[in-house]
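Residue-level listing of the chains:
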Number of protein chains: 2
Amino acid sequence: MGAKPSIFQQEAPIARQSLAEMVAKRILEMVTSRALRPGDQLPPERELAEMLDVSRPSVREAIRGLAILGVVNVRQGGGAFISQLDGDALLGPIRFFLSLEDLNLRELYDARSLIEGDVARRAAQNMSDDEIDALEHMLDAQVETLSDPQAFRVADLRFHEAIWIGCGNAFLKRIGESLNSLGLEFRRRASENPDLLEQSLKDHRKLFEALKARDPAAAAMAAEEHMQNVYRSTVVQDTSENKT
Amino acid sequence: MGAKPSIFQQEAPIARQSLAEMVAKRILEMVTSRALRPGDQLPPERELAEMLDVSRPSVREAIRGLAILGVVNVRQGGGAFISQLDGDALLGPIRFFLSLEDLNLRELYDARSLIEGDVARRAAQNMSDDEIDALEHMLDAQVETLSDPQAFRVADLRFHEAIWIGCGNAFLKRIGESLNSLGLEFRRRASENPDLLEQSLKDHRKLFEALKARDPAAAAMAAEEHMQNVYRSTVVQDTSENKT
DNA sequence: ATTGCATGATTGGCTGAGCCATTTCGATCT
DNA sequence: AGATCGAAATGGCTCAGCCAATCATGCAAT
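Predicted model, so just to flag it, every value in this text is computed and none were measured.

On to the overall build of chain A. Scanning chain A from terminus to terminus reveals 10 helices and 2 strands. The helix and strand sequence of chain A, counted from the amino end, reads α-α-α-β-β-α-α-α-α-α-α-α. Per-residue burial over chain A gives 39% buried out of 244 residues. The contacts in chain A between residues at least 6 apart in sequence include a share of 71% that link residues at least 24 apart.

What follows is the structure, given as structure tokens:
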């Protein structure tokens, strides 16, 4: 490199975008701006191609990509429709791939530990008495599910959902939901082990007591510890699977 | 419906899969079996089409879908490569999922305050000496931009990007970026005011000192205060705009 | 020996046309 | 009103051709 840096040295590389990417982005913008809502139908391929002045296969590639991304559901002969845009639809497709790299598991749960702590801190301040009561009922019902891992998973999710809602911040709720959803593939096996279910129930109870006491610091700590236990149980399962 | 149920009533619906989906799944199997690893190149489109006895556009649709998902990186003339399958490659959908939330400034900045605190906590523990040095250079350069709001915005983003990267967690990085970009629209005007730029620079410096001191608690607090100041300045601008 | 440039091969990008497969909708019949 | 049928609409796929960008190789200049 010479002594005289190019005047372009500080510029980002030119981002090349294929037509299909631009079409997909256009559709995503319509979703973001609410011009397209869950369940809405996209214009037919031939019409979109004409509107956007591109070929039909380019439109197809864009729509196929959005379908794989979970944004669009496609029915041959029927049309393409915006999906429900929920966490399962949008995050489900990447779940499996994340689970192929162990680093992702560690980072996911570290992030989750921090963020569930944040959620719990706010929930301890914001949850209504009714919400706390409802949470207690969920805990009581959760005891009955210890012998049924499938039912426990449902109860576990409901418990966490109630706290995401109770924190009173829609962004934190979405983030919590996202991280939980992304961890599901990693968690498949751990949630079959009764000892680990017992530990989760114990963690839940501790978290609940801190929330009931309206103690943000204790709630944050309880949530973080719960997530650390969840991480540990997931790693142990992963390790023992590798041995077989 | 008659009293005599069809013998097919209990059968699951036939799952229809397009060719592109099958091609994508075949590639997925190669990734799963480690026949394909991060960085590996896929066979060329023409070859894949021949191998799988499908047309080239069908292969393209499959690869395009995997590219949008972040599983594959495609270079025109160069080929298609398996991505690192890490958070950077795969977590785009989180940003989209978060962008679907109705924008509530108070909640956005409360969430951001918490999460930037988390990011700073980890960055204080994880940033290398080189990264800290680079951050200091950015701060020095930032002084020169105080009289040019456009340049300041660029420098501001670079500063925050370096910390998201420095926290060493792809999930936190993606969430931090996503929340930042959601609030940009509202920050346009605030970032034209020199007094507010001075305050931001002061906040940045305080955050930097805590990071340099490797003090997670101080870094978290500095980051949270900075976000609270950003929120306050945004609301003040919003309010005065509404009056005109 | 090394570096830079030109060229050809390879690989992705895109289009247009044609035809097949599935769904939807409207008209007609019972 | 409900069922059936046919046409229209819409997605699915292939083929062929050509363009755009990258990569590898060979040759010339230093």
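With that out of the way, let us pick up the domain arrangement of chain A. Interface size, as often reported, equals the accessible area lost upon joining of the parts. With domains assigned, chain A is organised as domain 1 (19–85) and domain 2 (100–237). Here domain 1 of chain A and domain 2 of chain A have C-alpha centroids that lie 36 Å from each other.

Attention now goes to the protein's contact with DNA strand D. By nearness alone, 19 residues border DNA strand D, and Pro44 of chain A together with Leu19, Ser55, Gly77 and Gly78 of chain B come closest of all. Sorting the residues of the surface near DNA strand D by element identifies β2 (79–82) of chain A together with α1 (19–32) and α3 (56–69) of chain B as the ones contributing at least two each. Its residues assigned to classes, the surface near DNA strand D shows 8 nonpolar, 9 polar and 2 charged.

Residues and elements named next belong to chain B. Counting through the fold element by element, Val59 comes out in helix α3. Along the sequence, Val59 and Ala134 sit 75 residues apart, while their C-alpha atoms lie 44 Å from each other. With near-sequence residues (within four places) excluded, Val59 lies in contact with Val23, Glu45, Leu48, Ala49 and Val54.

This part takes up the interface of chain A and chain B. Contact residues are listed per partner, giving 38 residues for chain A and 38 residues for chain B. Counting residues per element, the ones that place at least two in the side of chain A that touches chain B are α1 (19–32), α3 (56–68), α4 (87–98), α5 (102–126) and α8 (170–187) of chain A.

Quick look at the protein's contact with DNA strand C now. Inspection of the region around DNA strand C gives 19 residues, with Ser18, Leu19, Ser55, Gly77 and Gly78 of chain A positioned closest. Breaking the surface near DNA strand C down by element, the ones donating at least two residues are α1 and α3 of chain A together with β2 (79–82) of chain B. Residue composition of the surface near DNA strand C, by class: 8 nonpolar, 9 polar and 2 charged.

All names here are of chain A. The two faces of β2 differ: Ala80 and Ile82 on one face are buried, but Gly79 and Phe81 on the other face are not. Inspection of the sheet shows strand β1 (residues 72–75) paired to β2 by 4 bridges, in the antiparallel sense. In the strand pairing of β2, Asn73 is matched with Phe81. With antiparallel pairing between neighbouring strands as the criterion, β1 and β2 make up a hairpin whose turn holds 3 residues, including Gly77 at a positive phi of roughly 85°.

Interpretation of this model should avoid reading the predicted coordinates in detail wherever pLDDT is low. Residue and element names in this part refer to chain A. Averaged over every residue, the pLDDT of chain A is 87; the share at 70 or more is 89%. Within the model, the stretch residues 1–11 combines pLDDT values under 50 with 0 contacts to residues more than four positions away or in other chains. We note a pTM of 0.87 for the whole complex and an ipTM of 0.86 for its interfaces.

Here we take up the environment of His204 of chain A. All names here are of chain A. You can see His204 is positioned in helix α9 (residues 194–212). In this structure, the C-alpha to C-alpha distance between His204 and Glu61, residues 143 residues apart in sequence, is 45 Å. Those residues in contact with His204 that lie beyond four places of it in its chain are Leu139, Gln142 and Phe159.

Ala120 and Ala219 of chain A together with Ala120 and Ala219 of chain B are the most contacted members of the largest nonpolar core, which has 107 residues in total. Counting residues per element, this core draws most heavily on α5 of chain A, at 10 residues. In this structure, Ala120 of chain B is in contact with Ile163, Leu207, Leu211, Ala219, Ala220, Ala222 and Ala223 of chain B, ignoring residues within four places of it in sequence.

A few words on α8 of chain A. Each turn of an α-helix holds 3.6 residues, which means side chains three or four residues apart point in the same direction. When the terminal C-alpha atoms of α8 of chain A are compared, their 25 Å separation across 18 residues agrees well with the 26 Å that a helix rising 1.5 Å per residue should span. Within α8 of chain A, 13 of the 18 residues are buried, which leaves the element mostly enclosed by the surrounding structure.

One way to put it is that α3 of chain A packs onto α3 of chain B with a least axis distance of 8 Å and a crossing angle of 45°. Here α3 of chain A lies oblique to α3 of chain B, going by the angle between them. As α3 of chain A runs across α3 of chain B, the sense of the crossing is right-handed. For the pair α3 of chain A and α3 of chain B, the contacting residues are Pro57, Arg60, Glu61, Arg64, Gly65 and Ile68 of chain A in the first and Pro57, Arg60, Glu61, Arg64, Gly65, Ile68 and Leu69 of chain B in the second. Looking at the contact of α3 of chain A with α3 of chain B, its residues break down into 5 nonpolar, 2 polar and 6 charged.

As a further point, take helix α10 (residues 194–212) of chain B. All names here are of chain B. Between its first and last C-alpha, α10 extends 27 Å over 19 residues, near the 27 Å set by a 1.5 Å rise per residue. Within the span of α10, buried status applies to Leu196, Leu197, Ser200, His204, Leu207, Ala210 and Leu211. Summarising the axial view, the buried residues of α10 lie within an arc of 140°, below the 170-degree limit, and thus occupy one face. Seen from the buried face of α10, the exposed residues on the opposite side, beyond 90 degrees, are Pro194, Asp195, Glu198 and Lys202. One or two residues past the end of α10 sits Arg214, with phi positive at roughly 55°.

About the cut-offs
- Residues numbered from 1 in each chain as written.
- Chains lettered and ligands numbered in written order.
- Predicted model: local features only at pLDDT ≥ 70, side-chain atom pairs only at ≥ 80, totals over all residues.
- Helix = DSSP H or I, 4+ residues; strand = E, 2+ residues; numbered from the N terminus.
- Buried ≥ 20, exposed ≤ 12 C-beta atoms within 10 Å, placed from the backbone.
- Contact = placed C-beta atoms within 7 Å.
- Domains from an automatic or database assignment.
- Near = placed C-beta within 6 Å.
- Nonpolar A, V, L, I, M, F, W, Y, C, P; charged D, E, K, R; others polar.
- Pairing = 2+ DSSP bridges.
- pLDDT = per-residue confidence, 0-100.
- Core = buried A, V, L, I, M, F, W, Y, C linked by C-beta atoms within 7 Å.
- Expected span 1.5 Å × (residues − 1).
- Axes fitted to C-alpha atoms, helices over the stretch in contact; angles between N-to-C directions.
- Parallel < 35°, antiparallel > 145°, perpendicular 65-115°, else oblique.
- Left-handed = near helix turned anticlockwise from the far one by under 90°.
- Arc of directions from axis to C-beta.

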